Every structure is written in C-alpha cells, then in structure tokens.
Amino acid sequence: MIEEGTRVILWKKDDSTLIEVDGETKKISGIGVVDTERFIGKEWGSVVELGREEYRLFRPAIRDAPEFFERDAQVILPRVAVKIALYCDISNGKKVVEGGAGSGMLSTVLLNEVGPEGQVITYELRKDFIKTAEANLERLDLTDRWRAIHGDVTEDVKEEKVDAFVVDIPEAWEAVKMAKETLKNGGFFAAYIPSTNQLKKTVKEMRKHDFTDIKSFESLEREMVVREKGVRPSFDMLGHTGYVAVGRKTPSSEEKTS
Ligand SMILES: C[S@@+](CC[C@H](N)C(=O)[O-])C[C@H]1O[C@@H](n2cnc3c(N)ncnc32)[C@H](O)[C@@H]1O
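### Here we look at the overall build of the chain
- A tally of helices and strands in the chain yields seven helices and 15 strands.
- For the chain, the spread of C-alpha atoms along the three principal axes comes to 70 × 45 × 30 Å.
- Out of the 258 residues belonging to the chain, those deemed buried represent 36%.
- In the chain, the proportion of contacts linking residues at least 24 apart, taken out of those at least 6 apart, comes to 64%.

So, in structure tokens, the structure goes:
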C-alpha cells in the first residue's frame, strides 16, 4: 500500500518518472499536473490514468535509476555495476573506497550491496558532482552509509585495509598505487574503463603493483523480444559500454619473503 511520504515511479514502457507522494499537486514534465493525494492508499503496481495515458505505480528500483537520476556525467549501467560488485565480492558490512562519484549510479549499486552495516567512501574532484550524486542517492534512501570526500582518489585516500577499491575515472591506472596502499591483502581493485588501450595500461599497472587473479571483461546484454509469433533478439542492442579490470591485492615482494 502506498503511504504519504513514499517515493513512487510512474511507469509506462520506456518512460519512468519518480515523484514524491506528499499529498501535493505537482507539474510533471511530459505528464502534466498530477495530484499525488490520489495515489495514497493504492496498491503497488496498480494503474492510474494521467492525461490520456495509463501509468503503473511502482516502488523505485535500482535497475530503473538511469531513467530517473539527474545526470551530470556518463553513468555506469546498473547491470554492469552489479557485476563489478560481484567480482569484488562486495556484500553486507564491507568497506569500499570509490573514485569518481559522477551521478552516483555506481555508488548506488555499491551502497545497496554493502547494506546498512557497510560503508562506501567516495572521492570526487568536483563539488557539483557530489551534490548531484547525493540528490540521486537520497531518492533511493541510501545516504546513511555513504561518505563523499572532495578529493583526488589517486592521492588523497586516508582509509586503510578496505575490502574493495573501485574507480570510474578517466585515468584509472593512476589509482592503482593508492589502491594498493589502501586495500587489505586479498582485497579487490576494480576499474571501469572506456577503451582497450586504457584497459591495457591499467592492467599493466596492476601487475606492476602485485595485483593478481586479474580478470578483464566487458558486459553486454542482448534483450530478447518474446512474442507469440516468434522470439528474437531486440534490434536495439547497446553495442559498447566499457571494460572492467579487476584483481586482488597481494603482499609486495618484500612482505612475501619476510
Ligand atoms: C564517468 S564519471 C563517474 C560516473 C559514476 N561512476 C556513475 O556511475 O555515475 C567520472 C567521475 O570521476 C571524477 N574524477 C575524475 N578523476 C578523478 C580523481 N582523480 N579523483 C576523484 N574523482 C575523479 C570526475 O569528476 C567524474 O565525476
């Protein structure tokens, strides 16, 4: 049941809008004037008619976030972000350092994975991006376990013995040394990287700093259109997003022999 004060997605195929059900009347771009009082007491998933269109009332889900997040920078798609979290073994209670808040999409997935007992500390060079990311995270009630630091993830990180160090910055290789200093032994470093030459540069730097079990991959998704007449892949596949490099920190040579 939808209660006053809840955030709701007005969902129509390929078109989601997030609104707060506060009992007020609002003007919503693309939809028009909406009296949110009429949603109070309705069941999740029920249909409302707005203008001449029908919308479903859904609880905001992370998979829909790219549709309702304010965007200042290119975001990582949630389906790629969850793979980064999986490959870094990020789960309840883990402590993660992130580089590059951008619009907060990757932070959202990491915050969801670490749960209420975990923490994500995000370093970001631009104050305006921190603000955008924070506003987006508030929409999903995830700021309680988040700390944003205005600083350079390649130089300014003060945390120690963290479980994972994840970056989405243009010069990912520059963060490897800092990651090595910040991670616990066995902890994971992951970078999201737009091009293959940057991927190679990052992996070389990871090898130089004794990261091992290094994997590099790209994560594509081919949606299927399922109809009575036939089943086929969608024509609208996104052919390229980015590459991920991930590896585990091992003790440096001096530590290994002592
Ligand atoms: C592509 S965006 C990140 C997008 C974000 N992962 C998301 O999904 O919304 C890259 C961000 O990294 C920030 N950045 C670049 N170099 C950085 C550094 N050395 N330390 C911290 N942040 C950095 C940029 O200001 C920008 O906000």
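### A word on the nonpolar core
- Ranked by size, the top nonpolar core spans 56 residues in total, and within it Leu-110, Val-166, Phe-189, Ala-190 and Ala-245 carry the most contacts.
- Here Ala-245 is in contact with Ala-190, Ala-191, Ile-193, Leu-199, Thr-202, Val-203, Met-206, Ile-214 and Ser-216, once residues within four sequence places are set aside.
- In terms of nonpolar packing, the next biggest core, distinct from the first, is built from nine residues, Trp-11, Val-21, Phe-39 and Leu-57 among them.

### With respect to the domain arrangement of the chain
- When the domains of the chain are assigned, the result is domain 1 (6–60) and domain 2 (65–257).
- The C-alpha centroid of domain 2 is placed 32 Å from the C-alpha centroid of domain 1.
- Counting residues at the interface gives six residues for domain 1, matched by four residues for domain 2.
- Broken down by secondary-structure element, the contributors of at least two residues to the side of domain 1 that touches domain 2 are β1 (6–12) and β2 (15–21).

### Some thoughts on the sheet that holds strand β5 (residues 47–50)
- Pairing is antiparallel in the open sheet, where four strands are placed in the order β2-β1-β6-β5. Each of the sheet's edge strands pairs with one partner strand only, and the pair in question is β2 and β5. Between one strand axis and the next, the sheet turns by 35° as a mean value, whatever way the strands run.
- Relative to β2, β1 is paired through seven bridges, and the arrangement is antiparallel. Note that in β2 the partner of Leu-10 across the bridge is Thr-17.

### As for the site of the ligand
- As a structural note, the neighbourhood of the ligand is formed by 23 residues, with Gly-100, Gly-102, Met-105, Asp-168 and Ile-169 the closest of them.
- Elements that contribute at least two residues to the shell around the ligand include exactly α3 (105–114) and β8 (119–124).
- Along the lines of polarity and charge, the residues of the shell around the ligand split into 12 nonpolar, seven polar and four charged.

### Observations regarding helix α6 (residues 196–208)
- For α6, spanning 13 residues, the distance from its first C-alpha to its last is 18 Å, which sits close to the expected 18 Å at 1.5 Å a residue.
- Along α6, the residues that are buried comprise Leu-199, Thr-202, Val-203, Glu-205 and Met-206. Down the axis of α6, the sector holding all buried residues measures 160°, keeping them to one side. Opposite its buried face, α6 presents the exposed residues Asn-197, Lys-204 and Lys-208, each directed more than 90 degrees away.
- Residues of α6 that are buried sit in contact with α5 (176–182), β11 (183–193), β12 (211–218) and β15 (243–249).
- Asp-210 lies just past α6 and shows a positive phi near 65°.

### Some points on the pairing of β15
- Counting buried residues in β15 gives seven out of seven residues, a clear majority hidden from the surface.
- Pairing of β11 with β15, which is carried by six bridges, proceeds in the antiparallel orientation. Bridge pairing links Phe-189 to Gly-247 in β15.
- As judged from the six bridges shared by β12 and β15, these two strands associate in the antiparallel manner. Each bridged residue has a counterpart across the sheet, and for Phe-217 the counterpart in β15 is Val-244.

### Description of the packing of helix α2 (residues 78–87) against α3
- One can describe the packing of α2 onto α3 by two numbers: an axis separation of 9 Å at closest approach and a directional angle of 45°. Relative to α3, α2 is oriented oblique. Like other packed secondary-structure pairs, α2 and α3 cross with a definite hand, here right-handed. Along its contact with α2, which presents Pro-78, Ala-81, Val-82 and Ala-85, the element α3 presents Met-105, Leu-106, Val-109, Leu-110 and Glu-113.
- Of the residues contributing to the contact of α2 with α3, the split by class is eight nonpolar, no polar and one charged.

Rules used in this analysis
Residues numbered from 1 in each chain as written. Predicted model: local features only at pLDDT ≥ 70, side-chain atom pairs only at ≥ 80, totals over all residues. Helix = DSSP H or I, 4+ residues; strand = E, 2+ residues; numbered from the N terminus. Buried ≥ 20, exposed ≤ 12 C-beta atoms within 10 Å, placed from the backbone. Contact = placed C-beta atoms within 7 Å. Core = buried A, V, L, I, M, F, W, Y, C linked by C-beta atoms within 7 Å. Domains from an automatic or database assignment. Pairing = 2+ DSSP bridges. Axes fitted to C-alpha atoms, helices over the stretch in contact; angles between N-to-C directions. Near = placed C-beta within 6 Å. Nonpolar A, V, L, I, M, F, W, Y, C, P; charged D, E, K, R; others polar. Expected span 1.5 Å × (residues − 1). Arc of directions from axis to C-beta. Parallel < 35°, antiparallel > 145°, perpendicular 65-115°, else oblique. Left-handed = near helix turned anticlockwise from the far one by under 90°.

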